[in-house]
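Commentary on secondary and tertiary structure
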Amino acid sequence: MKHALAARLAAMPEVELRRGTAFRSRLADLDAVEVGLSDGSRVSARLLIGADGRDSAVRAACGIGTRNWRSGQKALVFAVTHDAPHEGVSTEIHASGGPFTLVPLPDHEGRPCSAVVWMTEGREAARLLDLPPDAFAEAVNARSAGVMGPLVPVGPRQLWPVLTRIADRLTARRTALMAEAAHVVPPIGAQGLNMSLADLGALMDLARSRPEAIGSEGWLAAYARRREGDIRLRAAGIALLNRASMAGALPLVALRGLGLRALHGVRPVRHGLMRLGLRAGG
């Protein structure tokens, strides 16, 4: 996805793509925001969008704090090859401890390949990280329940903390936060992607409907109104579903299934992608 996005941006004449250049500073007044970059240059615009990840430098420069909740889980991330083609579809397998998710990747050495995000209790994740290759492959296949056929781990393993992080506010003068700069949620039901697409959709809608006001106080307030309630609701719902996954009790398992269907039913990821694609195409 990153390669496709970079290629698309490079092909857009109105976009200047600066690879390897980082944000350094921000100076905002009523009419514009000036951004200092790591190569020493400065850029002035009506709007700065902070989409620079969970440890956002843009958010920090705006003095925007966050609320954080940790679940005690870790996400073990690695790649596998398998016999069955993934058809470009992610698969999520739920059991006690947290979900085991396969995310499509390009083929590896002629075989279908997926990234795996395996959420589990922190000490168990550390134990799995240190297993020798054969024992790790056995554990992976036991957890996958045979989905996609036998899985063969390839490449390194990484361990990431699982947390919920919500920015105290989504805007500052001439600045809007989106995606993980605004919200981080456990990787359940692709809801992090869904929320990020909704952020982008709101910004695009406002830019098209009120182009003359981009970046103004009222324009930014409208963005915050559109997104803040949905972000809080989804973050709370995902936290509840994650606790249900960790518990593994049968009534909570049933609740988890209903909750996942409800979250996907509000605004499905695939429909969001289609709408954004159609809009980008004109």
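Scroll up for the structure.
Residues numbered from 1 in each chain as written. Predicted model: local features only at pLDDT ≥ 70, side-chain atom pairs only at ≥ 80, totals over all residues. Heavy atoms only, no water.

1. A look at the overall build of the protein chain
Helix and strand content of the protein chain: eight helices and twelve strands. Just so you have it, the protein chain exposes about 15100 Å², and 59% of that area is on carbon and sulfur atoms. (Helix = DSSP H or I, 4+ residues; strand = E, 2+ residues; numbered from the N terminus. Areas by Shrake-Rupley, 256 points an atom, 1.4 Å probe, with all protein chains shown as cover.)

2. Some words on the pattern of salt bridges
In the structure shown here, the tally under the stated rule is 13 salt bridges. For Arg-234, the salt bridge goes to Asp-230, with nearest N and O atoms at 3.1 Å. Of this pair, Arg-234 and Asp-230 both sit in helix H6 (residues 217–247), separated by four residues, roughly a single helical turn. Residue class for Arg-234 comes out buried when judged on its relative accessible area of 4%. (Salt bridge = Lys/Arg side-chain N within 4 Å of Asp/Glu carboxyl O. Buried < 20%, exposed > 50% of the residue type's maximum accessible area, 1.4 Å probe, protein only.)

3. Focus: the side chain of Arg-59
Following the sequence through the fold, Arg-59 ends up in helix H2 (residues 57–61). There is no salt bridge for the buried Arg-59, and the closest opposite charge comes from Asp-55, which lies 5.0 Å off by N-O distance. If sequence neighbours within four positions are ignored, Arg-59 has contacts with Gly-53, Arg-54, Ile-64, Thr-66, Arg-165, Ala-167, Leu-177, Glu-180 and Ala-181. (Lys, Arg positive; Asp, Glu negative; His and termini not counted. Contact = heavy atoms within 4.5 Å.)

4. As for the sheet that holds strand E9 (residues 151–167)
If you walk across this open sheet you meet the six strands as E6-E7-E8-E5-E9-E12, and the pairing is antiparallel. For this open sheet the edge positions go to strand E6 (91–93) and strand E12 (183–184), each flanked by a neighbour on one side alone. Here E6 runs beside strand E7 (residues 100–108); their pairing, made up of three bridges, is antiparallel. By the bridge assignment for E7, Thr-91 is matched with Leu-102. Docked against the sheet, helix H3 (residues 122–129) engages strand E5 (66–82), strand E8 (111–121) and E9, running at close to 140 degrees with respect to E8. Together, E5, E6, E7, E8 and E9 form the strand contacts of helix H4 (residues 133–144), whose direction differs from that of E9 by roughly 60 degrees. (Pairing = 2+ DSSP bridges. Axes fitted to C-alpha atoms, helices over the stretch in contact; angles between N-to-C directions.)

5. Thoughts on the sheet that holds strand E2 (residues 33–37)
Here three strands make up an open sheet; going across it, the order is E1-E2-E3 and the pairing antiparallel. The sheet is open, and its two edges are formed by strand E1 (23–28) and strand E3 (42–45), each paired on a single side. With strand direction ignored, the average angle separating the axes of adjacent strands in the sheet is 20 degrees. Pairing between E2 and E3: four bridges, direction antiparallel. Residue pairing across strands places Glu-34 opposite Ser-44, the latter belonging to E3.

6. A look at the side chain of Arg-143
Within the element layout of this structure, Arg-143 appears in helix H4. No salt bridge forms around the buried Arg-143; measuring N to O, its nearest opposite-charge neighbour Glu-124 is 8.8 Å away. In terms of polar contacts, Arg-143 uses its side chain to reach the backbone carbonyl oxygen of Ile-93, at 3.2 Å. Once you skip the residues sitting within four places of it in the chain, Arg-143 turns out to touch Ile-93, His-94, Ala-95, Gly-98, Pro-99, Phe-100 and Trp-118. (Polar contact = N/O pair within 3.5 Å; in protein donor to acceptor, adjacent residues only side chain to side chain.)

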